[in-house]
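The lines below spell out each chain.
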Amino acid sequence: MRSQTFFRYLWRIDAVLILLAAGAITFGVVALLVGEFGARAARNREAEAGIPVVAADSSAPLSHGRASAVAGTDVMRADLSLNRGGAGFSSGGYTETRNILFIEPGQKVARWLLPDNDHVIGDSSDITDDTDHNAKRMIATAVLVKATTGSPETAVGRLLLFDPPGRKIVEVASNVREIHLASLAGGELTILYERDRRLVLAAFDPRSLEKRREQEIDVPRPK
């Protein structure tokens, strides 16, 4: 009799614990849904409140990032981004840079890097002159522009090199998968990138951005 009473109380305690656990799980799911809807609503409000920009792919809102000064110049630059919401509640979404806006004092009209907003700017590397540690100066920027389709890791695109105000734009190469390094050394701009599964090293004049030379790098197999 005593054992039956003991097990009866034990079952009741188990039932209470299960009920509390179910309540905690339900509360967590509701909190997750509320957070997801709140984040999506905030992204949409931010895009609607900003400067209107349209892309051919308008499944997600475009929004301007905060402008920043280009080191050593009076030019300002701002990224135009597209916010991709997650497909499900467990997906947090991600952001794509679709274009770069250049703003110069004294110029009434701003200027875009790309003629459209229908590509993704993936790799981006600013090349600066750090010889004077008190006055760092931007020399150029290298970016990789890819199509919106395909995997960002395996897709190829165009490698562009441009000056701080975005007036001089040079197409370095096509079919580029990744920028490995972009730097200023020995009075030259050098860019190491991957094209057609080969490493390529290119050198440019830091003033005119004209290409001085380019060579493929042979990578030997380990013995």
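Relevant structure appears above.
Residues numbered from 1 in each chain as written. Predicted model: local features only at pLDDT ≥ 70, side-chain atom pairs only at ≥ 80, totals over all residues. Heavy atoms only, no water.

Here we look at the overall build of the protein
Phase 1 of the analysis: When you go through the protein residue by residue, the secondary structure sums to one helix and 12 strands.
Phase 2 of the analysis: Mapped in sequence order, the helices and strands of the protein form the string α-β-β-β-β-β-β-β-β-β-β-β-β.
Phase 3 of the analysis: A buried classification covers 31% of the 223 residues belonging to the protein.
Phase 4 of the analysis: Across the protein, contacts joining residues at least 24 apart in sequence account for 34% of those joining residues at least 6 apart.
Phase 5 of the analysis: For the protein, the exposed area adds up to about 14400 Å²; of that, 56% sits on carbon and sulfur atoms. (Helix = DSSP H or I, 4+ residues; strand = E, 2+ residues; numbered from the N terminus. Buried < 20%, exposed > 50% of the residue type's maximum accessible area, 1.4 Å probe, protein only. Contact = heavy atoms within 4.5 Å. Areas by Shrake-Rupley, 256 points an atom, 1.4 Å probe, with all protein chains shown as cover.)

So, the pattern of salt bridges
Phase 1 of the analysis: Under the defined criterion, the tally for this structure stands at 16 salt bridges.
Phase 2 of the analysis: For D205, the salt bridge is made with R212, and the minimal N-O distance between the two is 2.8 Å.
Phase 3 of the analysis: Salt bridges linked by common partners bring R195, R198, K211, E214, E216 and D218 together as one network. (Salt bridge = Lys/Arg side-chain N within 4 Å of Asp/Glu carboxyl O.)

Some points on the layout of surface pockets
Phase 1 of the analysis: Of the pockets and cavities examined, the largest pocket occupies roughly 290 Å³.
Phase 2 of the analysis: Considering the residues around the largest pocket, the lining is formed by 19 residues, among which V120, G122, K146, P152 and E153 are closest to the centre.
Phase 3 of the analysis: Elements with a minimum of two residues in the lining of the largest pocket: β4 (94-103), β6 (119-129), β7 (137-147) and β9 (169-185).
Phase 4 of the analysis: In terms of residue class, the lining of the largest pocket is built from six nonpolar, seven polar and six charged.
Phase 5 of the analysis: Considering only enclosed or pocket space, the second largest pocket measures out at about 210 Å³ in volume.
Phase 6 of the analysis: Forming the walls of the second largest pocket are R137, M138, I139, D163, P164, L184, P206, R207 and L209.
Phase 7 of the analysis: In terms of residue count, the dominant contributor to the lining of the second largest pocket is β7 (three residues). (1 Å grid on protein atoms, 1.4 Å probe; cavity = no way out; pocket = protein on both sides within 12 Å on 5 of 7 lines; lining within 4 Å. Points joined across faces, edges and corners; volume = space filled by probe spheres on them. Nonpolar A, V, L, I, M, F, W, Y, C, P; charged D, E, K, R; others polar.)

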